[in-house]
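Single-letter residue listing:
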Amino acid sequence: IKQLAKDNDIDISKFEILEWKKSKLIDEFVEEFFELRKHKGISKDECYNYISKDINAFGAMMVRKGMVDGMVSGSMSPTSDVVKSAIWIVRPREGVKTVSSFFVMVTPDENIGSKGRMIFSDCAIVIDPTPEQLVDITINAASACEAFLGAKPLVALLSYSTHGSGAGASVDKVREAVRILRERNVNFDFDGELQFDAAISQSVAELKCPSSKVAGKANVFIFPNLDSGNIGYKIAQRIGKAKAYGPILVGLNKPVNDLSRGCSAEDVYVISLMTLMQVKNGI
């Protein structure tokens, strides 16, 4: 790092470079992690192996202890390792039942979403959400829309059915989530179940659900499960040429965010900025 900085004429004299595997903090972190997880029957040796061998665990402990404001990881480790450290160590915020994630999707077509920007959720964490978890994911994503897009959320709960055109357990789950959202009287517009074309295309919406306040102009898209969410954002990214920033985790005490192992330097930069926005806005 020092040589790279020197080669590029960058002054890093005010930065601390922490060689974490040699850090004196490891013993302190092991003790705290043991206290967090001893009710699960974990041993001190298991705690030591985890903290000393997984950089995500070490970094998450720095977040927990207030040594840093947030963490960005994942370029060299699976999403599951990043998420596990976040939930085990940083912990969900009080009152939060479902930690979820979202991507900010950016396309050159300003006629879709909010001037070409959209929120996709959940694409990284909750494998097969219950209706109640879908509601939590929806509320988290709507908050993200306001904070990161600066736009009024227009939320589409996605399915292979639009307002009863299809049937099945997955459709029923989305309908139940919509019912709960109505019952909770949330302060944003939403609709479901909607097929993706009805949610994003005004002309399709006019045919399939002309009375909808959301169809044809949605800027937040809630996927019914992790299969569809993960596949959907990658199709948009690789075929649709959208930029995908995330996954950004929502519902933790402090921000911890994940990168794809296929990330670029720009991705690291943008996710770091978004993490700082979470710190600033308390998201």
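Because the structure is predicted, anything quoted here is derived from the model rather than measured.

Enquirer: Quick one: what's the story with the overall build of the chain, residue by residue and with numbers?
Expert: Across its full length, the chain holds 11 helices and eight strands. In terms of C-alpha radius of gyration, the chain reaches 21 Å, essentially the compact-globule figure of 19 Å for 283 residues. Structurally, the chain occupies a C-alpha span of about 65 × 50 × 30 Å along its principal axes. Counting contacts in the chain only where the partners sit at least 6 residues apart, residues at least 24 apart contribute 68% of the total. When the accessible surface of the chain is totalled, it reaches about 14,800 Å², and 52% of it is carbon and sulfur. Separation of charge centres in the chain, based on 35 positive and 35 negative side chains, amounts to 1 Å.

Enquirer: Pulling in residues and values, what's your account of a nonpolar patch on the surface?
Expert: A cluster of nonpolar side chains, contributed by I231, I235 and I239, occupies part of the molecular surface with about 320 Å² of accessible area. Here I231 lies in helix 10 (residues 226–238).

Enquirer: So, the packing of aromatic side chains: which residues are in play, and what are the values?
Expert: Going through the model one piece at a time under the given rule, you end up with 12 aromatic pairs. Between F33 and Y50 the ring centres are 5.1 Å apart and the planes differ by 45 degrees, which places this aromatic pair in the tilted class. With F33 in helix 2 (residues 25–37) and Y50 in helix 3 (residues 44–53), this residue pair connects regions lying 17 residues apart in the sequence. Y50 shares its class with F33; the two are buried. Look at F196 and F221: their rings are 5.1 Å apart centre to centre, the planes differ by 40 degrees, and that puts the pair in the tilted class. Of this pair, F196 sits in helix 8 (residues 196–200) while F221 is found in strand 6 (residues 220–222), placing the two residues 25 residues apart along the sequence. Residue class for F196 comes out partly exposed when judged on its relative accessible area of 36%.

Enquirer: Which residues make up helix 6 (residues 131–149), and what values go with them?
Expert: For an α-helix, 3.6 residues make a turn, and residues three or four places apart therefore share a direction. The terminal C-alpha atoms of helix 6, which comprises 19 residues, lie 26 Å apart, in line with the 27 Å expected from a rise of 1.5 Å per residue. Where helix 6 ends, the next residue or the one after it, G150, has phi of about 60 degrees, a positive value.

Calculation criteria
- Residues numbered from 1 in each chain as written.
- Predicted model: local features only at pLDDT ≥ 70, side-chain atom pairs only at ≥ 80, totals over all residues.
- Heavy atoms only, no water.
- Helix = DSSP H or I, 4+ residues; strand = E, 2+ residues; numbered from the N terminus.
- Rg over C-alpha atoms; globule rule 2.2 N^0.38 Å.
- Contact = heavy atoms within 4.5 Å.
- Areas by Shrake-Rupley, 256 points an atom, 1.4 Å probe, with all protein chains shown as cover.
- Lys, Arg positive; Asp, Glu negative; His and termini not counted.
- Charge placed at Lys NZ, Arg CZ, Asp CG, Glu CD.
- Patch = residues over 30% accessible without salt bridge, like charges linked within 9 Å, V, L, I, M, F, W, Y side chains within 5 Å.
- Salt bridge = Lys/Arg side-chain N within 4 Å of Asp/Glu carboxyl O.
- Phe/Tyr/Trp six-rings, centres within 6.5 Å; stacked < 30°, edge-to-face > 60°.
- Buried < 20%, exposed > 50% of the residue type's maximum accessible area, 1.4 Å probe, protein only.
- Expected span 1.5 Å × (residues − 1).

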